[in-house]
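Secondary and tertiary structure notes
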Amino acid sequence: MPALARPVAAAALPHPIPYATGTTTLATTPDLQPDDLDDLPPADLDDEDDGDAVRRTAGLAESSHASRHWWDRNADEYQDEHGEFLGDDRFVWCPEGLDEAEARLLGPAGSLKGLAALEIGAGAAQCSRWLAAQGARPVALDISFRQLQHARRIDLGRGGDPVHVVQADAAVLPFADGSFDLACSAYGAVPFSADTAALMREVHRVLRPGARWVFSVTHPIRWAFPDEPGPEGLTATASYFDRTPYVEQDEQGRATYVEHHRTLGDRVRELTGAGFRLLDLVEPEWPDGHEQEWGGWSPLRGRLIPGTAVFVAERG
Ligand SMILES: C[S@@+](CC[C@H](N)C(=O)[O-])C[C@H]1O[C@@H](n2cnc3c(N)ncnc32)[C@H](O)[C@@H]1O
């Protein structure tokens with residue numbers, strides 16, 4: 001695996017964005033040569049997955065560390081399994097298949113032209129490619145180097161200008177105040193970050209007044225049910241109000257995967273507490289004819305309980 005590439009010089013980004021001084025995050029871009037196109041260099045990571053699953057506290061550093069390494073280890077499998085459903089340049093908000101081209105949660109058609117957009121937890125940056133096609137100027141940020149290598153792989157395969165990518169933790173955004181006109185995230189970073197109130201404040205800091213922040217997460221009600229696509233996923237077995245994180249850990253008790261739960265009310269308070277106005281809360285219905293499962297998301301459950309919540313907010 002190539003060493004972490006050089007930090008991104010501000011000028012290298014589409015619109016110079018002076019870095020926030022004092023940031024500890026290393027912003028970098030994956031270095032991928034054309035001949036790496038067909039097959040990404042093998043990931044050289046020891047297989048730590050499938051640890052014990054528990055509910056226990058997990059702080060910011062432990063959660064980010066686990067996220068970075070889990071997504072580095074699982075990026076290939078994730079893109080293999082979901083790449084076709086996501087498309088290379090579509091903006092798909094969720095396993096229900098809600099497509100931004102129809103939903104227009106970011107703004108009316110034509111309104112994205114020229115906007116400086118930040119995609120948080122971008123993965124292979126499919127949404128950023130869609131934003132670029134609308135005339136926006138996206139930056140795709142993710143904590144996982146491997147996910148961003150997949151963004152490079154897709155760009156090299158398509159030719160043309162690659163999406164600008166930055167490797168960083170969403171909890172510490174390496175951008176100056178008021179750098180963006182729009183921020184968005186499709187199941188990226190928010191479910192995996194221990195201090196989402198701080199994350200909302202960071203997004204608020206890098207946005208200009210009036211800018212939209214739109215993000216999709218697992219619908220909080222799903223935390224009361226086993227994450228199973230079948231009938232066993234239809235019986236509530238846990239308290240919706242239990243915010244104890246879900247942690248997978250190795251023999252030494254070190255977290256290898258962490259997910260954090262917030263109730264709907266918690267999310268609304270995080271947003272308003274950070275200075276956002278909530279414009280809408282979208283709970284996509286499971287479309288007729290949509291038979292594709294995605295983990296615990298399935299037609300059986302999708303037709304009975306919501307699987308996704310999309311928060312549409314505006315910076316005050
Ligand atoms: C479910 S994937 C979604 C990726 C992409 N938005 C998509 O729809 O395919 C979650 C993404 O969030 C990223 N992520 C997790 N924790 C993060 C953090 N603290 N900061 C930035 N990105 C993070 C992961 O690396 C992963 O790429």
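Presented here is an overview of the structure given in this document. Residue numbers run consecutively from 1 along every chain, following the written order of its sequence. Confidence filtering applies because this is a predicted model: local features only for residues at pLDDT of at least 70, side-chain atom pairs given and counted only at 80 or more, and all residues used for totals across whole chains, interfaces and linings. Each side-chain value is worked out from all heavy atoms of the structure, with water and hydrogens disregarded.

**What about the site of the ligand?**
Heads up, the condition is: For each residue, the test is whether any non-hydrogen atom lies within 4 Å of the molecule or strand; if one does, the residue is near. Pairing of N or O atoms within 3.5 Å defines a polar contact, subject to two protein rules: one partner must be a possible hydrogen donor and the other a possible acceptor, and residues neighboring in sequence count only if both atoms are side-chain atoms. For every accessible area listed, the method is Shrake-Rupley and the probe measures 1.4 Å; residues are considered covered only by the protein chains on display. To qualify as a helix, a DSSP run of H or I must reach at least 4 residues; to qualify as a strand, a run of E must reach at least 2; elements of each kind are numbered from the N terminus. Each residue is assigned to one of three groups, with Ala, Val, Leu, Ile, Met, Phe, Trp, Tyr, Cys and Pro labelled nonpolar, Asp, Glu, Lys and Arg labelled charged, and all others, Gly among them, labelled polar.
Near the ligand, the surroundings consist of 19 residues, among which Y78, G121, D142, Q147 and A186 are the closest. One of the backbone nitrogen or oxygen atoms of G121 is found 2.9 Å away from a nitrogen atom of the ligand. Between D169 and the ligand, the recorded distance is 3.0 Å, taken from a side-chain N or O atom to a nitrogen atom. Against a free-state accessible area of 600 Å², the protein chains account for coverage of 96% of the ligand. Here the shell around the ligand gets four residues from one element, more than from any other, and that element is helix α1 (residues 60-86). Each residue belonging to the shell around the ligand can be placed in one class, and the counts come to 11 nonpolar, six polar and two charged.

**Considerations on the pattern of salt bridges**
What counts is decided by this rule: Counted as salt bridges are all cases of a side-chain nitrogen of Lys or Arg within 4 Å of a carboxyl oxygen of Asp or Glu.
On inspection of all chains with the given rule, the structure shows 17 salt bridges. A network of salt bridges, in which partner residues are shared, links R129, R152 and D155.

**Some words on the sheet that holds strand β2 (residues 116-120)**
Keep this limit in mind: In this scheme, strands are said to pair when DSSP sees at least two bridges between them. Angles here are taken between N-to-C directions and fall from 0 to 180 degrees, while the axes themselves are lines fitted to C-alpha atoms, restricted in helices to the stretch in contact. Any two residues having at least one pair of non-hydrogen atoms within 4.5 Å are treated as being in contact.
One open sheet accounts for seven strands, arranged β4-β3-β2-β5-β6-β10-β9; its pairing is mixed. Only two strands of the sheet have a single partner each, and these edge strands are β4 (164-167) and β9 (276-282). Adjacent strand axes in the sheet meet at a mean angle of 20°, parallel and antiparallel pairs treated alike. Here helix α3 (residues 126-133) sits on the sheet and contacts β2, β3 (137-142) and β5 (180-186); the angle it forms with β3, its principal contact strand, is near 175°.

**Things to note about the sheet that holds strand β1 (residues 52-55)**
Within the open sheet, the three strands sit side by side as β1-β7-β8. Their pairing is antiparallel. Looking at the sheet topology across the chains shown, the edges are occupied by β1 and β8 (255-259). Each strand axis lies, on average, 20° off the axis of its neighbour in the sheet, ignoring direction. Of the strand pairs in this sheet, β1 and strand β7 (residues 246-249) are connected by four bridges, and their pairing is antiparallel. By the bridge assignment, R55 is partnered in β7 with Y246. Of the strands in this sheet, β7 and β8 touch α1, which is tilted by about 105° from β8.

**Let's talk about the packing of aromatic side chains**
Applied cut-off: In this scheme Phe, Tyr and Trp rings, the latter by its six-membered ring, pair at centre separations within 6.5 Å, and the angle between planes marks the pair as stacked below 30 degrees, edge-to-face above 60, and tilted otherwise. A simple rule labels every residue: compare its accessible area, found with a 1.4 Å probe on the protein chains alone, to the largest value its type can have, and call it buried under 20%, exposed over 50%, or partly exposed in between.
Within this structure, the stated rule accounts for 15 aromatic pairs. Both rings, one in F85 and one in W294, keep their centres 5.8 Å apart while their planes meet at 80°; by these two values the pair is edge-to-face. Here F85 is found in helix α1, whereas its partner W294 is found in the loop between β9 and α7 (299-302), with 209 residues between them in sequence. A residue is classified by how much of its surface remains accessible, and F85, at 13% relative accessible area, is buried. By relative accessible area, W294 is classed as buried at 16%. Where Y240 meets F241, the ring centres are 5.0 Å apart and the plane angle is 80°; that geometry is what we call edge-to-face.

**Observations concerning a nonpolar patch on the surface**
Which entries qualify depends on this criterion: The patches described consist of residues with a relative accessible area above 30% and no salt bridge, like charges being joined within 9 Å and nonpolar side chains (Val, Leu, Ile, Met, Phe, Trp, Tyr) within 5 Å.
A contiguous nonpolar surface patch, about 260 Å² in accessible area, is contributed by L234, L300 and L304. Residue placement: L304 occurs in the loop between α7 and β10 (308-315).

**Side note on the pairing of strand β6 (residues 207-218)**
Convention followed: For the handedness criterion, the strands are oriented away from the viewer, and a crossover whose path from the first strand over the helix to the second runs clockwise is classed as right-handed.
Pairing between β5 and β6: six bridges, direction parallel. If you follow S185 over to β6, its bridge partner there is F215. In this fold, the crossover linking β5 to β6 by way of helix α5 (residues 196-206) has right-handed handedness. Relative to β10, β6 runs antiparallel, the two being bridged by seven bridges. The partner of S216 across the bridge, within β10, is V310.

**A few points about the nonpolar core**
Here is the rule: Working definition of a nonpolar core: buried Ala, Val, Leu, Ile, Met, Phe, Trp, Tyr and Cys residues. They are joined through side-chain atoms within 4.5 Å.
By size, the foremost hydrophobic cluster in this structure holds 28 residues, and its most contacted members are L118, F175, V203 and W213. Of all the secondary structure elements, the ones that give two or more residues to this core are β2, β3, β5, α5, β6, α6 (264-274) and β10. Examining the composition of this core, we find that five residues originate from one element, β6, more than from any other. If near-sequence neighbours (up to four positions away) are discounted, V203 is found in contact with I120, L173, A183, W213 and F276. A117, C184, A186 and V214 belong to the second largest nonpolar core, which has 25 residues in total.

**Section: the packing of α5 against α6**
How two helices pack is summed up by the angle between their axes together with the distance between the axes. Counted only if it meets this: Here is the rule for angles: anything less than 35 degrees is roughly parallel, anything more than 145 is roughly antiparallel, 65 through 115 is roughly perpendicular, and the remaining ranges are oblique. Crossing handedness is read from the near helix: turned anticlockwise from the far helix by less than a right angle, it gives a left-handed crossing, and turned clockwise, a right-handed one.
Orientation of α5 relative to α6, taken along the N-to-C sense of each, is 40°, at an axis distance of 9 Å. Of the possible angle classes, the one that applies to α5 and α6 is oblique. The hand of the α5/α6 crossing is right-handed. Residues T196, A197, M200, R201 and H204 of α5 form the contact with α6, whose participating residues are R267, E270, L271 and A274. A class-by-class count of the residues in the contact of α5 with α6 yields four nonpolar, two polar and three charged.

**Considerations on the side chain of S185**
Tracing the chain through its elements places S185 in strand β5. Looking at S185, the relative accessible area reads 0%, which means it is buried. A polar contact of 2.7 Å, which involves the side chain of S185, links it to the backbone oxygen of I120. Not counting the four nearest positions on each side in its chain, S185 is found in contact with W93, I120, W213, V214, F215 and S216.

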